[in-house]
Amino acid sequence: MRIRRHTKSLVALLALVAVSVPSSAKAFAAYPDRTIRIVVPFAPGGGTDVIARTLAQEMAKDLGASIIIENKPGAGTIVGTQSVAASAPDGYTLLMGTFANAVNPSLNAKLPYDAHKDFAAVALIARSFNLVVVNPASRIKSIADLIAVAKAEPNKLSYGTYGTGTSAHLAGELFKHMAKVNLTAVPYKGAAPAITDLLGGQIQVIFTTVASAASLVAAGQLRAIAVTSAERSPAFPELPTVSEAGVPGYAAEAWYGVYAPAKTPPDIIGLLNKSAAKAVQSEAFKKLGVNEGLVMVAEPPEALDRYFSVEETRWRKVIQDAGIKIE
């Protein structure tokens, strides 16, 4: 009798294991068996959207699955970001994270999500930088000139931004702080109207994206005087960094990383990371890198976590020192 009872218990235990363990294994083995969404918290057509669509296209080939882009702009990326935080952690809803993810916790007194606890890093895809551009007729031909004019004429120079807390805005605030000059920030709804006013003489400088300015610089309609990255860019080898041109230690980067909701299975995170790393080696991404001024990295999840923490800490100080808040 005792042997029979032990046998029954063993059979029951094995049945339980057979039901529970293979279920998760089968789920991973089948992944992805339906459409994956990458949420872009910006309107269609911008740099982040273009990068996300290229990534989706290349990862879809690798994973053998359909990957679509869902644009959810609003509240400085908070609307789209929150939608991913609230999604099921099954690998079918992802977020294209950006510079905004690292600065929003410092700009907003309250967020509907926790930037650390509610997300699982998948991959740091690429880093980028801005160009410091002026009107080609301007007397400002270098960073040294910009500093000299700003100090000679306090409160008279202004720079264009694309809204509070954007990379164009904070790159300018960091410059003001480190160069010890005063420039007035003038907000615009995008790069185009800011550049129009720069050409018209209403503002004197913009810390703008490569995508918005590269063609105008090449055509002689804008003058680029520096790049905001820590190192010179292969795309603009003739341009010095702001750091080497007169503001030692200055660096302001934009970046793009993929996130999933917290508690997404590690096996799925690993698969997505490998697929993203393969995607950025494609010819489509190489072309995009030139057009957008990107440095492809495709690093593992832990690298994105470390990078995010450093960026969040660095920009928090800039935001606090400048007293920047979003009401």
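Whatever comes next refers back to the structure up there.
Predicted model only: the values in this text are computed from it and were never measured. (Residues numbered from 1 in each chain as written. Predicted model: local features only at pLDDT ≥ 70, side-chain atom pairs only at ≥ 80, totals over all residues. Heavy atoms only, no water.)

(A) The overall build of the protein chain, seen in detail. Summing up its helical and strand segments, the protein chain has eleven helices and ten strands in all. Every one of the 327 residues in the protein chain was classed for burial, and the buried ones make up 49%. Of the contacts made within the protein chain by residues no fewer than 6 positions apart, 78% connect residues no fewer than 24 positions apart. Split by element, the accessible area of the protein chain, about 15,400 Å² in all, is 58% carbon and sulfur. Measuring between centres, the 32 positive side-chain charges of the protein chain sit 7 Å from its 26 negative side-chain charges. (Helix = DSSP H or I, 4+ residues; strand = E, 2+ residues; numbered from the N terminus. Buried < 20%, exposed > 50% of the residue type's maximum accessible area, 1.4 Å probe, protein only. Contact = heavy atoms within 4.5 Å. Areas by Shrake-Rupley, 256 points an atom, 1.4 Å probe, with all protein chains shown as cover. Lys, Arg positive; Asp, Glu negative; His and termini not counted. Charge placed at Lys NZ, Arg CZ, Asp CG, Glu CD.)

(B) Main features of helix α5 (residues 143-152). Here α5 has its buried residues at I143, L146, I147, V149 and A150. Burial along α5 is one-sided: seen end-on, the buried residues are contained in an arc of 170°. Turned more than 90 degrees from where α5 packs its buried face, K151 and A152 sit exposed. In this fold, the buried residues of α5 make contact with β4 (119-134), α6 (167-179), β7 (205-209) and β8 (223-227). (Arc of directions from axis to C-beta.)

(C) Representation of the nonpolar core within the structure. One finds I143, F175, Y250 and W255 to be the most contacted residues of the largest nonpolar core, which totals 47 residues. Per-element accounting of this core gives the leading share, six residues, to helix α11 (residues 301-322). Setting aside anything within four residues of it in sequence, one finds W255 in contact with G97, T98, F99, N101, A102, L124, A126, R127, L304, Y307, F308 and E311. Judged by nonpolar contacts, the second largest core, of 35 residues, contains V40, L63, V258 and L294. (Core = buried A, V, L, I, M, F, W, Y, C linked by side-chain atoms within 4.5 Å.)

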